[in-house]
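Here is how the chains run, residue by residue.
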Amino acid sequence: MLRQPELLRDIALRTGLRPTWGSFVTTRYGPFLIALTMIAAIMGAGFMLPRSEHLASLMATVPAATATLAGARLTAVIAGFSCVGSLVLDAYDGLLGTSIFAVHLLAIILVSGCVIAFRTLRERNTRELIELRTVAETVQRVLLRPLPASIGSLRIRSEYHASHPHALVGGDLYAVSPTPDSVRILIGDVKGKGLPAVEDAAALLGAFRSTARKTPSLSQLMATLDEAVQAHFDEISATDPNAAERFITALLLEIPADGSSVRMINCGHPPPFVIEHGKAHSLPSMLPAPPLGLNNTRTSDYATTVLPLATGAIVLLYTDGVAEARDTGGNFYELDARIAAWSGCDPGDLLRYVLDGLADHVGGEMRLDDDVALVAVQHHDTGSVSRRSEQPVHVDGG
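Residues numbered from 1 in each chain as written. Predicted model: local features only at pLDDT ≥ 70, side-chain atom pairs only at ≥ 80, totals over all residues. Heavy atoms only, no water.

> Mind showing me how you'd approach the overall build of the protein chain here?
Secondary structure summary: the protein chain contains 10 helices and 12 strands in total. Within the protein chain, the proportion of its 398 residues that are buried is 45%. Summed over its atoms, the accessible surface of the protein chain is roughly 19,600 Å², and 59% of this surface lies on carbon and sulfur atoms. (Helix = DSSP H or I, 4+ residues; strand = E, 2+ residues; numbered from the N terminus. Buried < 20%, exposed > 50% of the residue type's maximum accessible area, 1.4 Å probe, protein only. Areas by Shrake-Rupley, 256 points an atom, 1.4 Å probe, with all protein chains shown as cover.)

What follows is the structure in structure tokens.
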């Protein structure tokens, strides 16, 4: 069982609160000393006032105040001290043996019993809430695993912000899978929000993680992912009448071992940006395909766009929650202009720069109507995925 102030600290950490832990009330003995100070103050006032003024009834406020700062056990201890204080004051006022003395004790006992019961229920509910949130966070982290900081010649940075304030993941997704001679990167965006979107994202991520390493060509991999998503939608159609309207936009990248080029298949997803030599430009697909889940599983339908990639270049992948974020006036976030004004060279700095601009655009905080996922991949001249490398081509239909 968590005790005070451990329970308060755990609640604050999990709910995003940031109190000052040096504060007196959150120290181990802070609530106890505060309660004793209140008792002493009431008794001091009772001794200074005429005996006709009976302050013993104020002792009932001490356990009530203690329950807001401490647990049920300490509150019960303070209730006992309050009864002793009431006894001393009533004895000083000559009330022992009268009904007034009995009323004072009864008031302290009733108030203390109520606040102790409420505090016990609150602590139990809080513990259950923390346990449930811990389980939910674990499940969400399993779904959206952290990306590796580097793979061979690639540095990888990522950021994710769910639109729901208490969620870690939503309908946006990303994943990375190294193969013997390349690194494959997936980013996608599920149509819709809530638990159905998370379920769809899990289906695509599971298919990618199980097939990305063993599928030889990028077009075959995308066809396999499309087939898995379609099978998922067919399975849930028995219980969801709107399953036929669901789909997932996806962008699949493959960077060979030498990092000299980027191979890309785009299925209805926003095109990535490339920042190289101090300039930024988008990477549109020559033959974009429809989103996944729309009965488009033929390998020949997925053309691979291949473009050169300079050393030090950064490829920025993002979801439409970034480009379609609006300010209070309904204006879209100008992501291209924001990137064009960036003059750095670190992928992590780029993501923070984009998110800072996004926060300013939507009103100073990350109040978003849609999920946001960002992945920045930089090719540097050290390391390799494998000794083998691919020769870039222009467009590959399979």
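What follows picks up the thread again.
> Even after reading the chapter, I still don't get unusual backbone geometry, so can you show me in this structure?
Of note in this structure, His-277 is not a glycine but carries a positive phi near 55°. Residue His-277 is classed as exposed on the basis of its relative accessible area of 72%.

> Is there a simple way to think about the confidence of the model for the protein chain in this case?
Low-pLDDT stretches of the model should not have their predicted coordinates read in fine detail. For the protein chain, the mean per-residue pLDDT works out to 83, and 85% of the residues sit at or above 70. Looking at the elements of the protein chain, mean pLDDT is at its lowest for strand 12 (residues 395-396), recorded as 42, and at its highest for strand 10 (residues 314-318), recorded as 95. Across residues 11-22, confidence stays below pLDDT 50; counting only partners more than four residues off in sequence or on other chains, it has 15 contacts. (pLDDT = per-residue confidence, 0-100. Contact = heavy atoms within 4.5 Å.)

> Can you walk me through the sheet that holds strand 10 in this structure?
What holds strands together in a sheet is hydrogen bonding between their backbones, with the strands either parallel or antiparallel. Spatial ordering of the open sheet is given by 1-2-11-10-7-8, a layout of 6 strands whose pairing is antiparallel. Single-partner strands in this sheet number two, and they are strand 1 (150-151) and strand 8 (279-282). Strands in contact with helix 10 (residues 347-362) are strand 2 (154-161), strand 7 (273-276), strand 10 and strand 11 (372-379); relative to strand 11, the strand with the most contacts, it is inclined by about 150°. (Pairing = 2+ DSSP bridges. Axes fitted to C-alpha atoms, helices over the stretch in contact; angles between N-to-C directions.)

> Any chance you could explain the packing of aromatic side chains here in plain terms?
In this description, an aromatic ring pair is defined by two values, namely the gap between the centres and the angle between the planes. According to the stated counting rule, one finds 4 aromatic pairs in the structure shown. Between Phe-32 and Phe-81, the ring centres sit 6.2 Å apart and the planes meet at 70°, which makes this aromatic pair edge-to-face. Here Phe-32 is found in helix 2 (residues 30-48), whereas its partner Phe-81 is found in helix 4 (residues 72-92), with 49 residues between them in sequence. For Phe-32, a relative accessible area of 24% corresponds to the partly exposed category. Looking at Phe-81, the relative accessible area reads 38%, which means it is partly exposed. Sitting over the face of the ring of Tyr-92, Arg-51 holds its NZ or CZ atom 4.4 Å from the ring centroid. Positioned above the aromatic ring of Tyr-353, the side-chain terminus of Arg-338 is 3.7 Å from the ring centre. (Phe/Tyr/Trp six-rings, centres within 6.5 Å; stacked < 30°, edge-to-face > 60°. Lys NZ or Arg CZ within 6 Å of the ring centre and 35° of its normal.)

> Sorry if this is basic, but what is going on with the packing of helix 4 against helix 5 (residues 99-143) here?
When two helices pack together, their arrangement is given by the angle between the helix axes and by the axis-to-axis distance. Closest axis-to-axis distance for the helix 4/helix 5 pair is 10 Å, and the angle between their directions is 170°. Here helix 5 runs roughly antiparallel to helix 4, going by the angle between their axes. Within the contact between the two elements, helix 4 uses Ala-72, Thr-75, Ala-76, Ala-79, Ser-82, Cys-83, Ser-86, Leu-87 and Asp-90 and helix 5 uses Phe-101, His-104, Leu-105, Ile-108, Ile-109, Ser-112, Val-115, Ile-116, Arg-119, Thr-120 and Glu-123. Residue composition of the contact of helix 4 with helix 5, grouped by class: 11 nonpolar, 6 polar and 3 charged. (Parallel < 35°, antiparallel > 145°, perpendicular 65-115°, else oblique. Nonpolar A, V, L, I, M, F, W, Y, C, P; charged D, E, K, R; others polar.)

> I'm lost on the side chain of Arg-119 in this one. Help?
Counting through the fold element by element, Arg-119 comes out in helix 5. A distance of 3.1 Å separates the side chain of Arg-119 from the backbone oxygen of Ala-70, its partner in a polar contact. (Polar contact = N/O pair within 3.5 Å; in protein donor to acceptor, adjacent residues only side chain to side chain.)

> It is not clear to me how helix 6 (residues 194-211) should be interpreted in this structure. Could you clarify?
The end-to-end C-alpha distance of helix 6 is 26 Å, a good match for the 26 Å that 18 residues give at a rise of 1.5 Å each. The inward-facing, buried residues of helix 6 abut helix 5, strand 3 (172-179), strand 4 (182-190), helix 7 (218-236) and strand 5 (248-256). (Expected span 1.5 Å × (residues − 1).)

> Would you mind going over the pattern of salt bridges with me for this structure?
In this structure the tally under the stated criterion is 7 salt bridges. The closest approach of N and O atoms between Glu-254 and Arg-184, which form a salt bridge, is 2.7 Å. Taken together, the residues Glu-254 in strand 5 and Arg-184 in strand 4 connect sequence positions 70 residues apart. In this structure Glu-254 comes out as buried when scored by relative accessible area, which is 2%. Of the charged contacts in the structure, one is a salt bridge between Glu-254 and Arg-263, with a shortest N-O distance of 3.0 Å. Note on accessibility: Glu-254 and Arg-263 belong to one class, buried. (Salt bridge = Lys/Arg side-chain N within 4 Å of Asp/Glu carboxyl O.)

> Help me understand the side chain of Thr-66, please; the structure alone is not making it clear to me.
With respect to the helices and strands, the residue Thr-66 is situated in helix 3 (residues 61-67). For Thr-66, a relative accessible area of 4% gives the class buried. Excluding residues within four positions of it along the chain, Thr-66 makes contact with Ala-35, Leu-74, Thr-75 and Ile-78.

> Can you walk me through the environment of Thr-211 in this structure?
For Thr-211, the position within the fold is in helix 6. Relative accessible area serves as the criterion here: at 13%, Thr-211 is assigned to the buried category. In this structure Thr-211 touches Leu-221, Thr-224 and Leu-225, once residues within four positions along its chain are discounted.

> Explanation requested: a nonpolar patch on the surface in the structure shown.
Residues Phe-47, Val-84 and Val-88 make up a contiguous nonpolar surface patch of about 220 Å² in total accessible area. Tracing the backbone through its elements, the reader meets Phe-47 in helix 2. Classification of Phe-47 by relative accessible area gives partly exposed; the value is 35%. (Patch = residues over 30% accessible without salt bridge, like charges linked within 9 Å, V, L, I, M, F, W, Y side chains within 5 Å.)

> Looking at this structure, I do not really get the pairing of strand 8. What am I missing?
The side chains of a regular strand alternate, first on one face of the sheet and then on the other. Bridge count for strand 7 against strand 8 is 4 bridges, and the pairing is antiparallel. Residue pairing across strands places Val-274 opposite His-281, the latter belonging to strand 8.

> Before we go on, may I ask you to explain the environment of Asn-295 in this structure?
Position of Asn-295 among the secondary structure elements: in the loop between strand 8 and strand 9 (304-308). Given a relative accessible area of 63%, Asn-295 falls into the exposed group. Sequence separation between Asn-295 and Gln-230 is 65 residues, and the spatial gap between their C-alpha atoms is 6.8 Å.

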